[in-house]
Amino acid sequence: MSAVEVSHVNKFYGTVAALDDVSLAFPDGSFYALLGPSGSGKTTLLRAIAGFVEPDSGEITIDRVSVEHIPAHRRNIGMVFQNYALFPHMSVFDNVAFGLSVRGVAKSDIAKRVRDMLELVQLGGMEERRPRQLSGGQQQRIALARALVTDPKVLLLDEPLGALDKRLRQDMQIELRLIQRKVGITTIFVTHDQEEALTLSDRIAIINDGRLIQVGEPGDIYERPRTRFAASFLGDANFIDGVAEAGGAIRDTPFGTLRTTQELPSQGTRVTLAVRPEKFLVAAGGSAAPDGMNAITGTVRQAVYSGSSVTYLVDAGAQEFRVFQQNRETSLFQPGDGVTLSWSPEHTVVVTA
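Numbering of residues starts from 1 in every chain and runs along the sequence as written. Given that this is a predicted model, residues contribute local features only at a pLDDT of at least 70 and side-chain atom pairs are listed and counted only at 80 or more, while totals for whole chains, interfaces and linings are drawn from all residues. The basis for the side-chain values is all heavy atoms of the structure; hydrogens and waters are excluded.

Whether two strands pair depends on DSSP finding at least two bridges between them. Helical segments are the DSSP runs of H or I of at least four residues, strand segments are the runs of E of at least two, and each set is numbered from the N terminus. Judged by pairing direction, the sheet is antiparallel, and its 5 strands sit side by side in the order β13-β12-β11-β14-β20 without closing on themselves. The open sheet terminates on both sides in strands that have one partner only, identified here as β13 (256-259) and β20 (349-351). On average, each strand axis in the sheet is tilted by 50° relative to the strand beside it, whichever way the strands run. The pairing of strand β14 (residues 270-275) with β20 spans 3 bridges and is antiparallel. Across the sheet, residue Leu273 finds its bridge partner in β20, namely Val350. Structural elements are reduced to axes, namely lines fitted to C-alpha atoms, with helices fitted over the stretch in contact, and the angle between N-to-C directions of any two is expressed from 0 to 180 degrees.

The structure is reproduced here in structure tokens:
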């Protein structure tokens, strides 16, 4: 398989920067997510790697070889699109075999490779069906088989599960990850779905307005987002403004002095704190917070019950907090109930604007 490197790549459409000095390394065999809102530049980056978009400057290499002058069809890259792009008039076999046929592979080799690939995606025996006879999940697997059958160096996935319903998407996330691990191919996929990025990837690059916001392992980015955008885009977050003090203290917040275990900037610097909704402990109003914990008091404005969990919207002065709790209790707090929210200084994350 192959490693991919993107070095100082820029792409402009008029005065708009679709990619703004982007540098990323995709290790050999990794499953890498490009995560961002619509128009952030993530698909432009994917298409630049594929050869469908020519950067204005910078370099893209595969196995340390520049692909600048290599056309898309000679880069040996497999790609799966959101709409699958299957040929409706062709059988499953012919759809998967198409890339091998245009490369002039012998028919006997084509037959074996197609059947092996269909077994890999658990669709053996469906060779003669047409795409219209398949479910959305089966069509997605056929598109994946067609992309992999030519033994590409890199697999690119552009919102590959976006057309599926929630339950099928969750099932296919597991299947896609298993297939990628079996094949061991370097995989780069574009998504705006936070859960999908966390579930599938070894590493995540958050992109916004053509710029890299943060790059790292899913757990690191989720637990320690560096910016307000990263905290709010990868999951939910509550924000509190204050002023840095010595010893991990943040003063002048609407809730008195709070504490963090993170290193703070110099004293007197204004800072923003982020707290994930699931990090809160919720107790009845007037309850004392555990020793060493940050705490605020408020009133439940809304309780959103979703079976296995409940989300509370809590008014605390001029701020509203989103609080997520697993449904472990026999009784839930109701709108109008006073509550105490407490959380560990370890879960008080300092972020930039």
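On the surface, a cluster of negative charge is made up of Glu5, Glu54, Glu59 and Glu68. With respect to the helices, strands and loops of the structure, Glu59 is situated in strand β4 (residues 57-62). Type-normalised accessible area, obtained with a 1.4 Å probe on protein chains alone, sets the label of each residue: buried when under 20%, exposed when over 50%, and partly exposed for intermediate values. Exposure remark for Glu59: the relative accessible area of 39% places this residue in the partly exposed category. Like charges within 9 Å and nonpolar side chains (Val, Leu, Ile, Met, Phe, Trp, Tyr) within 5 Å are joined into patches, using only residues over 30% in relative accessible area that form no salt bridge. Values of accessible area rely on a 1.4 Å probe in the Shrake-Rupley scheme; residue burial ignores everything except the protein chains shown. What counts as a salt bridge is simple: a side-chain nitrogen of Lys or Arg found within 4 Å of a carboxyl oxygen of Asp or Glu. Neither His nor the chain ends is counted toward charge; the positive residues are Lys and Arg and the negative residues Asp and Glu. Here the site of a charge means NZ on Lys, CZ on Arg, CG on Asp, or CD on Glu.

Turning next to the packing of aromatic side chains. To pair, rings of Phe, Tyr and Trp, with the six-membered ring standing in for Trp, must have centres within 6.5 Å; the planes then decide the type, stacked if under 30 degrees apart, edge-to-face if over 60, and tilted in the middle. Throughout the structure, instances matching the rule amount to 8 aromatic pairs. Consider the rings of Phe280 and Trp343, whose centres lie 5.3 Å apart with planes at 80°: the pair is edge-to-face. Of this pair, Phe280 sits in the loop between β14 and β15 (281-284) while Trp343 sits in strand β19 (residues 338-343), and the two are 63 residues apart along the sequence. Judged by its relative accessible area of 1%, Phe280 falls in the buried class.

Our next topic: the pattern of salt bridges. Applying the stated criterion across every chain yields a total of 9 salt bridges. With its nearest N and O atoms 2.8 Å apart, the salt bridge here joins Glu245 to Arg251. The class of Arg251 is partly exposed, set by a relative accessible area of 29%. Connected via shared salt-bridge partners are Glu245, Arg251 and Asp252.

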